[in-house]
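# Coordinate analysis (summary)
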Amino acid sequence: MKIIIAGDGNVGFYLAKLLEKEFKDIILIDTQKEKLDHVEKNLGIATVLGDSTSYKVLKEAGVENADLLIAVTSNESTNITTCLIGKKLGAKFTIARINNTEYLVDKSTLDLHTLGIDELISPESLAAREVKYILKSPELTEIFNLYNKDLYMMGLRLSDNTPVVNKTIAESAHLLSDNSFMIVAVDRNGETMIPTGKLRFKKNDLLYFVSTEEGKDKVLEYAGKKPVQIKNILVIGGSRTGKYIALRLSKYYNIKLIEKDFEKCNYLAKLIPNVQIVCGDGADVKLLEEEKIKNYDAVISVTGNSETNIFTCLMAKDLGVNKTIAMVENIGLFDYSQKMGIDTLINKKMAAANFIFRHILKGRVLAQLYGVDAEIQEFIVKKDSKISHKPIKELNFPENAIISGVIRNDRGYITLGDFELMADDKVFVFSLPQSYVNVISFFK
Amino acid sequence: MHMNLILYDKLDTFKIIFRQIGGLQIILGFTMAIPLLVSLIYCEFYSALGFVLSGLICLITGFLLYKRFKSSFEPLNRHALIIAAFGWLIIATMGAIPYIIIAYITPIEVAQQFGTNGANYISSLYYFKNPLHALFDSMSGFTTTGLTMAVHEPSIGRGLLFYRHFTQLLGGAGFIVLTLSLISQSSSRVSFLLYNAESTGERLKSTIIETVRVIWKVYLGLTFFLFVFLVVGTFILLPQYSFADNIFDSINHAMAGMSTGGFSTLDDSIAEYHSQGMEILYLVPMIIGALSLPFYVKVIYNKQYSQIWKDIQTRSLIILFVLGSIILSFMLLLSGLVSEPFRIGVFQFVSALSTTGWQTCDVHIWDSASISFIVIFGMVIGGAFGATVGGVKIIRVLVLLKALFWRINNYFSSDYSIKVVKFNNTRLLPEEMNKEISSAATLVFIYLIFLGLGTIIGYYTAEQGFTMKDALFESASAQGTVGLSCGITNPEMSYGLEITYIIQMWMGRLEIIPVLVLFRTILLGTKPKVV
């Protein structure tokens, strides 16, 4: 599979890095030589220097036999033009990054598909969507659906007063026998473990569950979390992500948004109904106190500066805010920020990458989780496979990987030890990097 | 580029303005062909001759002015208000010529035939031998006021009657913008400012000329609709009423209603029909005339039917029409001075708020409370901004009310928050809102000052028997271009008061500021004031 990525910004670089593991034939186009040098040195990916809207440049990148063309420069018009030209020159599938969500919402005015753009993505809008989901279940650190509304993947951090802390999984097995959820991974101090019966939970462990719709509440019960209702939200930063969050959520919550730039404040105030816009520096402690930060149920910090976001969230946490969400662009900071106590992190490029993996590639790699060095992959059980019609516990499944749910006849099932796989089952596997290869060969 | 750097002196300014005025006069001259035609239809040959002569005077003076100042510069933005104010004064003056000429040339035997049923009074036509009375009626016509010196309207002849109503139609949507849409030679920015000075300033189409044309189309379309409506309505309600008279009444009343002018072809205005049904029928033209023309464009052209309730002006007006009518009716009932308080209350309140001025009763006998109510909540507020109404326009009142609540609410929000206010479906930033407030407050304030001045002059110069409340009523009626009268306005009134009302009508139509700008230009010249 040949993939061309136009634009070596945050999103482009991250996509290249992720895709490079799976697909060998990747080409990155950008107009800045230093950036391309950096990519070649670090990732060993082939690059083409030039403007991606140029026929010559696209041809040089081999667009005529490209399977996928992803245009993710910071300029919307460039992305759209690149995709239009790329499609005409032979690219099979095109994706353009856009800022103007009109294109996403109003599909009747202009049919971009017939013009040659197969998919549109807006990283900021996707990040806002993640925030919306997480606010519905604020006790969790992360949630996304693996399959329709049947199977969910959820992350959850153990706190002091949880009954399962200092117990092994085997000891709490009576709570786990329900067929509606299962633990698939535990993250401790940045190290990811696939659970075994002997694993003993500790305070601050980050647990990953797969659960059905009914199982969602039971997961919370298992981890000793009480359901929390979010009503008042403080959003810090009025950049695009902040704007989309306010626009999407103003119907459901009371929102106050703090932004430094006066012109931007005016723009937002005029644009977004039912949201109070405050002009001020989100990193100014005095201002935050004056705006009564501790009265909010959730603080979402999405300024362009990751450090400010982390700091503000830490302060909010310290003042007793129930839920803190920080936008952190620098993936290197993930581990520490989570360890220091920020509840949820969001990241535009990961949101975009996840979207591309899950909805467009529909391939084996399904999702990347924040701060966890593991992936969820998807396989189909072949007919007459030796792994079918046997309980999972007798399968001798590779180490450091776990079968985490099955879709059968359009319904999601939790796969505990007694579950038997059948032909045509769609199987989700959660695995650590060292066992990717073993897992793939297991299903062959 | 250097054009803009030239600082025109007073003389240059007047050259520029005179050229524009010349253009206006030429158009006015041509429009006299229409009442000429009507005079011929009714075989009123002296009136016809009057229109021919007046038309020629307008055309020739206009042409001479235009030719003399043809070489002057194109008008600049700051000339717009002066052109509007001066233009209106000149149009009213030139428009008075037919009254004077016809009054002088029509022999008494002919004039005595005008009245419907062998009238036993001297034809009111002869009041117009006095040029001031002619100017009064002309100004009242073009500003869509409806106060008149013609005591017995039918006795001035059908040609002149039609002309009076026709001037209301022309003045209603703006004579200057009509001229602009017909002969557009000036740059579009100036056109826009003129449109702004005389009409709503709301841009409905991409260019100002297209906007003005669509406004006029809708305006004439609605007038035609009202004509048909009134003909059919009158025919159903008063089948025995002469059909020829029905047609003539309906054409004229449609023009007077749509423009919220309030002239009538009948001696006793709408009351002459002696029919409650007719009075209810005539509520329709007044209400239609009170709503803003851009609103109609949106509903009719752009099919935005939701505007009927979403547009804040239309909504508030409908509410105010209903509430005000009920309250006034009860106040009249309470006073016990009026025989049919509800019939009178509803009709008079609608007539006052829409600033039409059709009258069905003698206001002079009303008590002070009812007068104050109809003045404050009817005539001063007036209809919708962008309609043909007078008054301060309801939108100003709404802005100021909103401002009050905004100020109070702001007290509770944090110092740093952006205090957005939602007004008429748009979200306004504090800066924008303050601009709206300041312009609305300035206008309302200055409007009330002049209303007060007019009242005081009226109090001292009106004839015996009129009190403060009558002076207030008449002043509000003139300045709000309403046209209801408690009797102060009549051919025997003092010249000083007559001139006062002429000025009030002129100022009221143009929302005062342009007239003040003109005064400033005449008295102090065009040099900017440097302090």
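Figured I'd write up the structure that's included with this text.

Scoring rules and cut-offs
Residues numbered from 1 in each chain as written. Chains lettered and ligands numbered in written order. Predicted model: local features only at pLDDT ≥ 70, side-chain atom pairs only at ≥ 80, totals over all residues. Contact = placed C-beta atoms within 7 Å. Nonpolar A, V, L, I, M, F, W, Y, C, P; charged D, E, K, R; others polar. Core = buried A, V, L, I, M, F, W, Y, C linked by C-beta atoms within 7 Å. Buried ≥ 20, exposed ≤ 12 C-beta atoms within 10 Å, placed from the backbone. Helix = DSSP H or I, 4+ residues; strand = E, 2+ residues; numbered from the N terminus. Pairing = 2+ DSSP bridges. Axes fitted to C-alpha atoms, helices over the stretch in contact; angles between N-to-C directions. Parallel < 35°, antiparallel > 145°, perpendicular 65-115°, else oblique. Left-handed = near helix turned anticlockwise from the far one by under 90°. Expected span 1.5 Å × (residues − 1).

On to the interface of chain B and chain A, then. Contact with chain B, which involves 7 residues of that partner, is made by 13 residues of chain A. Its residues assigned to classes, the side of chain B that touches chain A shows 4 nonpolar, 2 polar and 1 charged.

Among the nonpolar cores identified, the biggest contains 286 residues, and Phe209 of chain A together with Ala85 of chain B are the most heavily contacted of them. Among the elements that make up this core, the one with the highest residue count is helix α4 (residues 80–95) of chain B (13 residues). Aside from chain neighbours lying at most four places away, what touches Phe209 of chain A is Met154, Leu156, Phe181, Met182, Ile183, Val184 and Val219 of chain A.

All names here are of chain A. Read from one edge to the other, the open sheet built from 5 strands follows the order β7-β8-β11-β9-β10, with strand pairing classed as antiparallel. Looking along the sheet, the strands with just one partner apiece sit at the ends: β7 (142–147) and β10 (191–193). Going across the sheet, the axis of each strand differs from the next one's by a mean of 20 degrees, ignoring polarity. The pairing of β7 with strand β8 (residues 151–157) spans 5 bridges and is antiparallel. Directly across from Ile143, in β8, lies its bridge partner Met154. Contacts from helix α9 (residues 215–222) reach β8, β9 (181–188) and β11 (206–211), with the element oriented near 155 degrees to β11.

A separate point is the sheet that holds strand β13 (residues 254–259) of chain A. All names here are of chain A. Read from one edge to the other, the open sheet built from 6 strands follows the order β14-β13-β12-β15-β16-β17, with strand pairing classed as parallel. Looking at strand neighbours, the two that pair on one side only are β14 (275–279) and β17 (344–346), the edges of this open sheet. Direction aside, the axes of adjacent strands within the sheet are offset by 15 degrees on average. Together, β15 (298–301), β16 (323–327) and β17 form the strand contacts of helix α7 (residues 123–136), whose direction differs from that of β17 by roughly 160 degrees.

Residues and elements named next belong to chain A. Inspection of the secondary structure assignment puts Met153 in strand β8. Along the backbone, Met153 and Glu40 are 113 residues apart, and their C-alpha atoms lie at a distance of 35 Å. Once residues lying within four places of it in the same chain are set aside, the contact partners of Met153 are Phe144, Leu146, Tyr208, Val210 and Ile376.

This next bit is on the packing of helix α11 (residues 208–237) of chain B against helix α12 (residues 243–258) of chain B. Residues and elements named next belong to chain B. Here α11 crosses α12 at 140 degrees, and the two axes come no closer than 8 Å. Judged on the interaxial angle alone, α12 and α11 are oblique. Classified by chirality, the crossing of α12 by α11 is right-handed. Touching Tyr219, Leu222, Thr223, Leu226, Phe227, Leu230, Val231, Thr234 and Phe235 of α11 are Asn246, Ile247, Ser250, Ile251, His253, Ala254, Met255, Gly257 and Met258, all from α12. Across the contact of α11 with α12, the residue classes break down as 12 nonpolar, 6 polar and no charged.

This part takes up helix α20 (residues 394–410) of chain B. Residues and elements named next belong to chain B. The first and last C-alpha atoms of α20 sit 24 Å apart over 17 residues, in line with the 24 Å expected at 1.5 Å per residue. Buried within α20 we find Ile394, Ile395, Arg396, Val399, Lys402 and Trp406. If you follow the buried residues of α20, they end up packed against α17 (312–335), β1 (421–423) and α21 (430–461).

Purely geometric stuff here, so don't read any function into it on its own.
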